[in-house]
Amino acid sequence: MTAGYLDILRARHAARLLTGTLVGRLPNGTAHIAIVLFTRAEGGGYTLAGALTAAYGLATAVGQPLLGRAVDLYGQPRVQLPAALLSALGMALLAFTGLGSLPLAYLAVIVAGVATPPLEGGLRALWPSVLKGEGQVHRAYAMDAVAQEIMFTVGPLLVTLLVSLWSPAAALLVINAVGVIGALSVVLSEPSRAWRSAPREAHWLGALRSPGLLALLGAFFFVGLALGSITVAGVAYADDHGRESVYGWLMAALGLGALIGGLAYGARQWAGVPEKRLRVIVGLLALGYLPLTLTPSVPVMTALAALAGVFLAPAIACSFIVVDRHAPRGTVTEAFSWLVTTFGVGAAAGAAVAGPAVELGSTAWSFAVAGAGGVAALIVLLATGRVLAAPVRTPAVVTGSENDRNGAVEPGFSSGHKA
């Protein structure tokens, strides 16, 4: 299983790009917990902490596709690094000024969110110029999804460590300084400097003029909703059992399941069109969420959480391939950024719905939100099957600086396995 991943990491620039992107995304991956801890340390309540976190999340959702489009138009270094610096300055403003002026605090997190560099989309645009063949690119997508799970697990632990050693303000400053270093590592690399998007048709909708991409975004809004609801439902379950550590076990199990699923998915080459495969994976993902509504004993619930996570990373990795096939020419970074935005908005909506579900019903109801989200995602994919069956064009690996995966036709790859 590991041989294919090692081949990717041995490729020139691959390890640097992956590591730099993950480090550069630390500020975004840890912002929710860093803002909450900082707000509480400054004497603010949970309501204010939630409002500031929501403002940051919404600002990020707005900024990602806009900056992704700018990357497609002007290249990575001219957008990614200035955005990373501006985002870090926004968080530094919050750290230095505190909550003395709430309008200033909101302005700080909004600036930090809007300016969050679209490093995820940028990395996925770079893979074809670094790796050989569609098989390696698709495996890199799976490795990318797995690495995200690791980052979202390690990142919050790093924040809490910095808070315990220094202060929440210091944690904000250090994490964002490290993020700038990660972005700098990426944009100074040869593939990033050489990358150019293919010529694009001038259209105000950009990537959103693709019906297939819109269908995928609709489905992944509900996947995000399912995942966001689990984060709230997990807290309620831990409260029911009187131990805060239970929440950590559930989230760790969910991440472990995603890690295992992503590694297994990427270790195999898949035949057939990815749109059909995605429907199967999302169906299994929804099926994995439904048993959580039983809220059994902690050991059983932990096992169910691990099972529920198994198909998350494969679903994300497969969605990257579908985005690649449906993104209009010259909009690849923007298209990937829209996926990030939609997933994030869905997660926020899931958290918002799961809270009232607990208060009006029970913990089981909040987990039912996750199951409903998974089922809704599958319904969207089934209902839009014809649209998804007609990609803009089949992508191919394009080497050199003109790294546009939408620019040529390639019949695909097959290993004899069927999805």
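Remember, predicted model here, so these are calculated numbers, not experimental data.

1. Re the overall build of the protein chain
Okay, step 1: Helix and strand counts for the protein chain come out as 18 helices and zero strands.
Okay, step 2: Over its C-alpha atoms the protein chain spans a radius of gyration of 20 Å, differing by no more than 12% from the 22 Å that the globule rule assigns to 419 residues.
Okay, step 3: Taking the principal axes of its C-alpha atoms as reference, the protein chain extends roughly 55 × 45 × 40 Å.
Okay, step 4: Put simply, 82% of the contacts in the protein chain that link residues at least 6 apart link residues at least 24 apart.
Okay, step 5: Carbon and sulfur atoms make up 70% of the accessible area of the protein chain, which totals about 16700 Å².
Okay, step 6: Mean positive and mean negative side-chain charge positions of the protein chain (25 and 19 charges, respectively) differ by 8 Å.

2. A closer look at helix α7 (residues 119-130)
Because each turn of an α-helix spans 3.6 residues, side chains separated by three or four positions end up pointing in the same direction.
Okay, step 1: Compared with the 16 Å implied by 1.5 Å per residue over 12 residues, the 16 Å span of α7 between its first and last C-alpha is a close match.
Okay, step 2: In terms of residue burial, α7 counts as a mostly covered element, since 11 of its 12 residues are buried.
Okay, step 3: Residues of α7 that are buried: Leu119, Glu120, Gly121, Gly122, Leu123, Arg124, Ala125, Leu126, Trp127, Pro128 and Val130.

3. Section: a nonpolar patch on the surface
Okay, step 1: Together, Val280, Leu284, Leu287, Leu290, Val375 and Ile379 give the surface a local cluster of nonpolar side chains, amounting to about 500 Å² of exposed area.
Okay, step 2: Listed by contribution, the elements that provide at least two residues to the nonpolar patch are α13 (274-289) and α17 (363-383).
Okay, step 3: Among the elements that line the nonpolar patch, the one with the most residues is α13, at three residues.
Okay, step 4: Checked against the element boundaries, Ile379 lands in helix α17.
Okay, step 5: On the basis of relative accessible area, Ile379 is assigned to the exposed category, the value being 51%.

4. What to know about the pattern of salt bridges
Okay, step 1: For the structure shown, the criterion picks out six salt bridges.
Okay, step 2: The salt bridge partner of Arg325 is Glu275, with a shortest N-O separation of 2.9 Å. Residue Arg325 is found in helix α15 (residues 312-326), and its partner Glu275 is found in helix α13; the two are separated by 50 residues along the sequence. Taken individually, Arg325 and Glu275 each receive the classification buried, so the pair is uniform in this respect.
Okay, step 3: The structure contains a network of salt bridges with shared partners spanning Arg25, Glu120, Arg124 and Asp144.

5. With respect to the packing of helix α12 (residues 245-266) against α15
Okay, step 1: It is at 6 Å that the axes of α12 and α15 come closest, and there the two elements cross at 45 degrees. What the angle tells us is that α12 and α15 run oblique. Along the contact surface, α12 presents Ala258, Gly261, Gly262 and Tyr265, while α15 presents Leu312, Ala313, Pro314, Ala317, Cys318 and Ile321.
Okay, step 2: Across the contact of α12 with α15, the residue classes break down as eight nonpolar, two polar and no charged.

6. A word on the nonpolar core
Okay, step 1: Membership of the largest hydrophobic core comes to 106 residues, with the highest contact counts inside it found for Leu94, Trp127, Leu131, Phe220 and Tyr289.
Okay, step 2: Of all the elements, helix α11 (residues 211-240) adds the most residues to this core, at 13 residues.

7. Details of unusual backbone geometry
Okay, step 1: One non-glycine residue, His13, lies in the positive phi region at around 80 degrees.
Okay, step 2: As for its placement among the helices and strands, His13 is situated in the loop between α1 (2-10) and α2 (14-24).

8. Quick look at the environment of Leu339
Okay, step 1: Position of Leu339 relative to the elements: it lies in helix α16 (residues 332-360).
Okay, step 2: For the pair formed by Leu339 and Gln80, sequence separation is 259 residues and the distance between their alpha carbons is 18 Å.

9. A short note on the side chain of Thr341
Okay, step 1: On the secondary structure map, Thr341 appears in helix α16.
Okay, step 2: By relative accessible area, Thr341 is classed as buried at 7%.
Okay, step 3: Apart from the residues within four sequence positions on either side, Thr341 is in contact with Thr60, Ala61, Gln64 and Pro65.

10. Description of the side chain of Asp144
Okay, step 1: Examined against the element boundaries, Asp144 turns out to sit in helix α8 (residues 133-165).
Okay, step 2: Take Asp144: its relative accessible area is 4%, and that puts it in the buried class.
Okay, step 3: Filtering out sequence-adjacent residues up to four positions away, Asp144 remains in contact with Leu123, Arg124, Trp127 and Phe320.

11. As for the packing of α15 against α16
Okay, step 1: Running from N to C, α15 and α16 cross one another at 140 degrees; their axes reach a closest spacing of 9 Å. Here α15 lies oblique to α16, going by the angle between them. Of the two possible hands of crossing, α15 and α16 adopt the one that is right-handed. On the side of α15, the interface is formed by Ser319, Phe320, Val323 and Asp324, while α16 contributes Ala335, Phe336 and Leu339.

12. Some details on the packing of aromatic side chains
Okay, step 1: Summed over all chains, the structure comprises six aromatic pairs.
Okay, step 2: Each ring, one from Phe221 and one from Phe222, has its centre 5.2 Å from the other, and the planes form 80 degrees; the classification is edge-to-face.
Okay, step 3: Under the relative-accessibility criterion, Phe221 is labelled partly exposed at 24%.
Okay, step 4: Taking relative accessible area as the criterion, Phe222 reaches 26% and is therefore assigned partly exposed.

13. Here's the deal with the confidence of the model for the protein chain
Okay, step 1: Chain-level pLDDT for the protein chain is 84 on average; 90% of the residues reach the 70-or-more range.
Okay, step 2: Here residues 394-419 is a poorly scored stretch, pLDDT under 50, and it has 73 contacts once near neighbours within four places are set aside; other chains count.

14. Notes on the environment of Glu190
Okay, step 1: Position of Glu190 relative to the elements: it lies in helix α10 (residues 190-194).
Okay, step 2: In this structure Glu190 comes out as partly exposed when scored by relative accessible area, which is 40%.
Okay, step 3: Residues Glu190 and Thr21, 169 residues apart in the sequence, show an inter-C-alpha distance of 14 Å.
Okay, step 4: In this structure Glu190 touches Arg12 and His13, once residues within four positions along its chain are discounted.

Each value, and the rule that gives it
Residues numbered from 1 in each chain as written. Predicted model: local features only at pLDDT ≥ 70, side-chain atom pairs only at ≥ 80, totals over all residues. Heavy atoms only, no water. Helix = DSSP H or I, 4+ residues; strand = E, 2+ residues; numbered from the N terminus. Rg over C-alpha atoms; globule rule 2.2 N^0.38 Å. Contact = heavy atoms within 4.5 Å. Areas by Shrake-Rupley, 256 points an atom, 1.4 Å probe, with all protein chains shown as cover. Lys, Arg positive; Asp, Glu negative; His and termini not counted. Charge placed at Lys NZ, Arg CZ, Asp CG, Glu CD. Expected span 1.5 Å × (residues − 1). Buried < 20%, exposed > 50% of the residue type's maximum accessible area, 1.4 Å probe, protein only. Patch = residues over 30% accessible without salt bridge, like charges linked within 9 Å, V, L, I, M, F, W, Y side chains within 5 Å. Salt bridge = Lys/Arg side-chain N within 4 Å of Asp/Glu carboxyl O. Axes fitted to C-alpha atoms, helices over the stretch in contact; angles between N-to-C directions. Parallel < 35°, antiparallel > 145°, perpendicular 65-115°, else oblique. Nonpolar A, V, L, I, M, F, W, Y, C, P; charged D, E, K, R; others polar. Core = buried A, V, L, I, M, F, W, Y, C linked by side-chain atoms within 4.5 Å. Left-handed = near helix turned anticlockwise from the far one by under 90°. Phe/Tyr/Trp six-rings, centres within 6.5 Å; stacked < 30°, edge-to-face > 60°. pLDDT = per-residue confidence, 0-100.

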